[in-house]
Amino acid sequence: MRDVLNGALHAVDQVLLGKQHAVKLAVACILARGHLLIEDLPGMGKTTLSQALARVMGLSYQRIQFTSDLLPGDILGTSVFDRNSAEFVFHPGPIFAELILADEINRATPKSQSALLEAMEEGQVTVDGATRPLPDPFFVIATQNPVSQSGTFALPESQLDRFLMRLSLGYPSMAAEKALLLREGRRARLDNIEPALTRDQLHRLQQAVPEITASEPIIDYILRLVNRTRESQVCAWGLSPRASLGLLAAARAWAMLEHRGYVIPEDVQAVLPAVVSHRLRASDDPAGHGGGGLAQWLLNGVPAV
Amino acid sequence: MTTAGLIPRNSLAWLLTAQVVVLLPHLPRLPVWVAVLWMVCALWRVQIQRMRWGYPGIVTKALAILVSVAGVYVSQGTLIGLDSAVLLLLLLFMLKLLEMRDPRDALVVIYLGFFLIATAFLFNQSMLLALYQCVSMLVLIAALVGLQQTSGRNDPGRAFRTGAVLLAQAIPLMLVLFFLFPRIGPLWAVNSPGQQATTGLSESMAPGDVANLAQSGELAFRVNFEGPIPQHDQLYWRAMTLSQFDGRRWSHTAVSSGGPPGELQVDGPSISYRVVTGGASHQPWLFSLRGASSTTDELVLTRDFMLRARRPISQTTAYTATSWPDSLLDPQGLDALQQRLYLALPEGSDPRTREWARTLRRQYPDDAELIQAMLQHFNREPYHYTLRPDTLGQHTNDEFLFDTRRGFCAHFAGAMTFALRAAGVPSRIVAGYQGGELNPRGNHVLVHQFDAHAWVEAWLPGRGWISVDPTFQVAPERIERGLQEALRGEGSFLQDSPLSGARYRNIGWINTIRLAWDDVNYRWQLHVLGYESERQLSFFRRWFGTADWQRIGVIALIAAGLVMLPLALWTLRPQKRSNDPRKRVWDKLHRRLVRLRLQARDGEGPRHWQARLVAALPEQQPELDAFFDEYVRQAYMHTVPVDDRASVSALRSRLGALLRRLPRKRRPGPVTLVE
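Residues numbered from 1 in each chain as written. Chains lettered and ligands numbered in written order. Predicted model: local features only at pLDDT ≥ 70, side-chain atom pairs only at ≥ 80, totals over all residues. Heavy atoms only, no water.

Undergrad: Quick question: what am I supposed to make of the interface of chain A and chain B here?
TA: Across the contact, 24 residues belong to chain A and 23 residues belong to chain B. For the chain A and chain B pair, buried surface summed over both sides reaches about 2,000 Å², with 52% attributable to carbon and sulfur atoms. It is Tyr262(A), Glu266(A) and Val305(A) in chain A that bury the most area against chain B; as a group they hold 32% of the surface buried on that side. Along the contact surface separating chain A from chain B lie 1 salt bridge. (Contact = heavy atoms within 4.5 Å. Buried area = accessible area lost by both parts, 1.4 Å probe. Salt bridge = Lys/Arg side-chain N within 4 Å of Asp/Glu carboxyl O.)

Undergrad: How should I be thinking about a negative patch on the surface in this particular structure?
TA: All names here are of chain B. Together, Asp297, Glu298, Glu532 and Glu534 give the surface a local cluster of negative charge. Position of glutamate 532 among the secondary structure elements: in the loop between α18 (508-529) and α19 (533-544). Its relative accessible area of 37% is what places glutamate 532 among the partly exposed residues. (Patch = residues over 30% accessible without salt bridge, like charges linked within 9 Å, V, L, I, M, F, W, Y side chains within 5 Å. Areas by Shrake-Rupley, 256 points an atom, 1.4 Å probe, with all protein chains shown as cover. Lys, Arg positive; Asp, Glu negative; His and termini not counted. Charge placed at Lys NZ, Arg CZ, Asp CG, Glu CD. Helix = DSSP H or I, 4+ residues; strand = E, 2+ residues; numbered from the N terminus. Buried < 20%, exposed > 50% of the residue type's maximum accessible area, 1.4 Å probe, protein only.)

Undergrad: What should I look at first to understand the pattern of salt bridges in this one?
TA: Any two side chains of opposite charge can pair, on the condition that their charged atoms come close. Residues and elements named next belong to chain A. Counting across every chain of the model gives 30 salt bridges over all chains. Where glutamate 258 meets lysine 24, a salt bridge forms, and the shortest distance between an N and an O atom there is 2.5 Å. Of this pair, glutamate 258 sits in the loop between α11 (241-257) and α12 (265-276) while lysine 24 sits in helix α2 (residues 20-31), and the two are 234 residues apart along the sequence. Classification of glutamate 258 as partly exposed rests on a relative accessible area of 32%. Note that arginine 204 is salt-bridged to aspartate 200, the shortest N-O span being 3.8 Å. With arginine 204 and aspartate 200 both in helix α9 (residues 199-208) and 4 residues apart, the pair spans about one turn of that helix. Residue classification places arginine 204 among the partly exposed positions, given a relative accessible area of 45%. A cluster of three or more residues bridged by salt bridges with shared partners is formed by Glu121, Asp161, Arg162, Arg242 and Arg279.

Undergrad: Help me understand the sheet that holds strand β5 (residues 250-251) of chain B in this model?
TA: Hydrogen bonding along the main chain pairs the strands of a sheet, whether they run parallel or antiparallel. Residues and elements named next belong to chain B. Read from one edge to the other, the open sheet built from 3 strands follows the order β1-β5-β4, with strand pairing classed as antiparallel. Looking at strand neighbours, the two that pair on one side only are β1 (204-205) and β4 (244-245), the edges of this open sheet. Sheet topology places β4 next to β5; 2 bridges connect them, and they run antiparallel. Pairing of glutamine 244 across the sheet is with serine 251, part of β5. (Pairing = 2+ DSSP bridges.)

Undergrad: Is there a simple way to think about the sheet that holds strand β8 (residues 139-144) of chain A in this case?
TA: Residue and element names in this part refer to chain A. Strand order across the open sheet formed by 5 strands is β2-β5-β8-β1-β9, with parallel pairing between neighbours. Only two strands of the sheet have a single partner each, and these edge strands are β2 (61-65) and β9 (165-167). On average, each strand axis in the sheet is tilted by 20° relative to the strand beside it, whichever way the strands run. Pairing analysis gives 5 bridges linking β2 to strand β5 (residues 99-103), with the strands arranged parallel. Following the sheet pairing, arginine 63 is matched in β5 by leucine 101. (Axes fitted to C-alpha atoms, helices over the stretch in contact; angles between N-to-C directions.)

Undergrad: When you look at the environment of Val425(B) in this model, what are you seeing that I'm missing?
TA: Residues and elements named next belong to chain B. Inspection of the secondary structure assignment puts valine 425 in the loop between α14 (409-422) and β15 (427-434). Relative accessible area serves as the criterion here: at 0%, valine 425 is assigned to the buried category. Between the alpha carbons of valine 425 and leucine 343 there is a distance of 6.9 Å; along the sequence they are 82 residues apart. Not counting chain neighbours up to four residues away, the residues in contact with valine 425 comprise Tyr342, Leu343, Arg361, Asp367, Leu370, Leu420, Ala458, Trp459 and Leu460.

Undergrad: Can you help me understand the packing of aromatic side chains in this one?
TA: The description of an aromatic ring pair rests on the distance of the ring centres and on the angle between the ring planes. This model, assessed by the stated rule, comprises 33 aromatic pairs over all chains. Here the aromatic rings of Phe245(B) and Phe418(B) are separated by 5.7 Å at their centres, their planes lie at 80°, and the arrangement is edge-to-face. Linking Phe245(B) in strand β4 with Phe418(B) in helix α14, this pair joins segments that are 173 residues apart in sequence. Among the residues examined, Phe245(B) registers a relative accessible area of 9% and is labelled buried. An aromatic cluster is built from Phe221(B), Phe225(B), Trp237(B), Tyr273(B), Phe287(B) and Tyr433(B), whose rings are joined through pairwise contacts. Here the guanidinium or amino end of Arg132(A) rests over the ring plane of Phe90(A), the centre of that ring lying 3.9 Å away. Across from the ring centre of Phe123(B), 3.5 Å away, lies the NZ or CZ of Arg29(B), which sits over that ring. (Phe/Tyr/Trp six-rings, centres within 6.5 Å; stacked < 30°, edge-to-face > 60°. Lys NZ or Arg CZ within 6 Å of the ring centre and 35° of its normal.)

Undergrad: Honestly, the nonpolar core in this entry has me stumped. Any pointers?
TA: In a soluble, globular protein the nonpolar side chains are often hidden away together inside. Counting residues in hydrophobic clusters, the biggest one holds 103 residues, and the most contacted among them are Leu31(A), Leu53(A), Met165(A), Leu589(B) and Phe627(B). Aside from chain neighbours lying at most four places away, what touches Met165(A) is Leu25(A), Ala28(A), Cys29(A), His35(A), Leu36(A), Leu37(A), Ala250(A), Val271(A), Ala274(A), Val275(A) and His278(A). Membership of the second largest hydrophobic core comes to 74 residues, among which are Leu201(B), Phe225(B), Ala309(B) and Ala423(B). (Core = buried A, V, L, I, M, F, W, Y, C linked by side-chain atoms within 4.5 Å.)

Undergrad: Before we go on, may I ask you to explain helix α5 (residues 110-122) of chain A in this structure?
TA: Because the α-helix completes a turn every 3.6 residues, residues three or four places apart line up on one side. Residues and elements named next belong to chain A. With 13 residues, α5 ought to run about 18 Å at 1.5 Å a step, and its terminal C-alpha atoms sit 18 Å apart, in line with that. Taken together, the buried positions of α5 are Ser112, Gln113, Ala115, Leu116, Leu117, Ala119 and Met120. Lining the buried residues of α5 we find α4 (72-76), β5, β6 (124-127), β8 and α6 (157-160). Two residues or fewer past α5, glycine 123 is found with a positive phi of approximately 75°. (Expected span 1.5 Å × (residues − 1).)

Below, the structure written as structure tokens:
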């Protein structure tokens, strides 16, 4: 298993150069059965990352480009009348895939956004009164431009909370960018990737995550962290129980990627910025939803042991 | 849109509760419309919170202010003075509700509340109020805490508990300030509050007046004796002399009390005592036994040997005095003005009494014998001591002495003084209190208003003023045992005050409770309210050997520091001793590494710390790894029970091995902290 995980990480690293930590977090997010939100400027490799993940994990992949005229039916699928059989036949939408890339999710109208987010939460979609299960594993990587860009509909807090992690890739380092420019392009690299995992292996890994030991001191540490956001005046509101569940699951997945059978505080600390920063808002920052500073404040303010 | 801009619901509930609690002590003084206004304001604010109503506009607010000020003017008659000022403040306190938009406005309301708590003490300083105001403080602080709570965490009970802890932490500092903060005299004279209703004795007396006073079970004053308590019949508490008679009323004049003190020839044993007045009488008269002098600054000794305050008594006052009851008062003689005053009688009044006095005078040329004869007259003739005297007509003394013969102490004293003056003996009425009730618990004497009494002083050449009490001749039990005994047959003792505790003195357990409560109050007044500058200075001399303010200031600062230090240490304690033995082992290592400046960073996890330590102390790597591996194994890898002795001792032994290998001190030269 260890080699399988390392191989998967390594394969993605080959495509997205110099972003090992972000890649590892994204894999941890998949292992913890969470959805991922990538927020960054255009052209930073959001799409590349999602495609690389899909290939490495051996998952069926669909990409939905969100635009302002996208309708829910374009995501979920529609029933079309079949003249031959004289009945309505359901044509599944792009959502019926194991890994969905919802590109630029904040460009679509809230109505279409909700269609996707409901599917994410329920693991099934209901169209024309019939409930259809989504494939398992089902994993959504949504990307969005930072809210300050024009023509976007920012996701409200309640929908941000559905994503286990929010990542920001950031500019690559000089060396990584040089390597990118010197050698073949992203497209070619993507094509070179071989699946490192079978669907079955991924399934077993996901099932093994909850088995990772999280001892009482770790639970207490998570509780201290969560409580700190609830009690402090620095945060406009505290973290929800969903956030603490997510934090624990992500920390377990991280421990698995570290090839450990148990969680240590460093695992929690590694995933915490990605897990909490989109769920927190500073009291003195009425418009923003960037919680990066808050995550650091939280880590420094709570004793780990 | 910020959530910080709203007042949490929980906080509003606390604020409204706090307002009620703060307003309650003022309630007896408030006009009814103020309470109605509060209800309107509170209802309006609640409706604003429920988003049913809006905030009032500027016109409504201006109107509310105008109407309130006019209301104060109408109900108080003035806008100046303590009553009106406090009332205005209360109104602003209520009206502020209507423009309480964000937490800052709520802060204003809370701070006003603290100020109003203080103002309540201008009107009343009793222990019950002090205890009550502690609760008010608690509620206000809870409101303050509630204002700071984040949404989702706004639990009223928690706000209350936090408030209680804060208040408890302030107690040591409060005690230091109580004992050491200088008692500065009033910087300006506050007009005494209330309707200036004087209680107790008044400066003029018609025969019926004392009888009215005798219906009051209120406390006049308390006395604490140094040494044995004198007999009941020795306790003649002098307050003032009444020396001018207009045919109906005896009045006090400045001629008899003004000027330098009279000549006091000290004789016989002395009695020292400390008097605490029962409250504000709004009169300057104080109470002393015969032949008194006092060292208390605020008192003067008058021409007629009374103790008198420089200002009317507007609050509970304490003073010490020493009396020599056997001394001679004015033995050398009276000047012409005094002679005239003490012999003056109104033209044409009471012809029969004058005739009787002249007859006696012819019979007894000696003054002392004359007085004796008059007292015997009261003793032998069928006079009756009663609180329900008959109404008297034009010649009050004549009718009382020869027709009705039923009266109270004022009747007897008035008639005898009149007769003495008619016979040519200078004389005056002394008004004050007689007797008192012993509280065996506190070993002090309680003097109530119903102990009010009037008796006679006559001046004899060579002997000065001597006291005679005609009431003693008629009702000796009044003097020996008190009013209640004297009126036993009549049943008129405190008949108009069914709630007065003194009325039920005969019921054992009520009396026990009453006296115990009185004792607690007395101690409160003596030790807490009575801790004035004089006592404070003597406290300083006794404990610090100095009364120099600079040194006291330094001592106060040191004391405050000493008191707050343990509290600060406790609050800022690095980490409380954990119940988890593994955590204690961890803390021990941490303390040691703090000395080497290799402590864990804020929020640093064990493995990161370990890596940093290994980089800084490469020689100790085996021990470091052994300890941290064991720690991580126990804490995170398996769920080892906290109280598993074997594992804890394994951890301890690894710690011991590590500590032995650690350098004692930080190595010279900078240690680079490697990430």
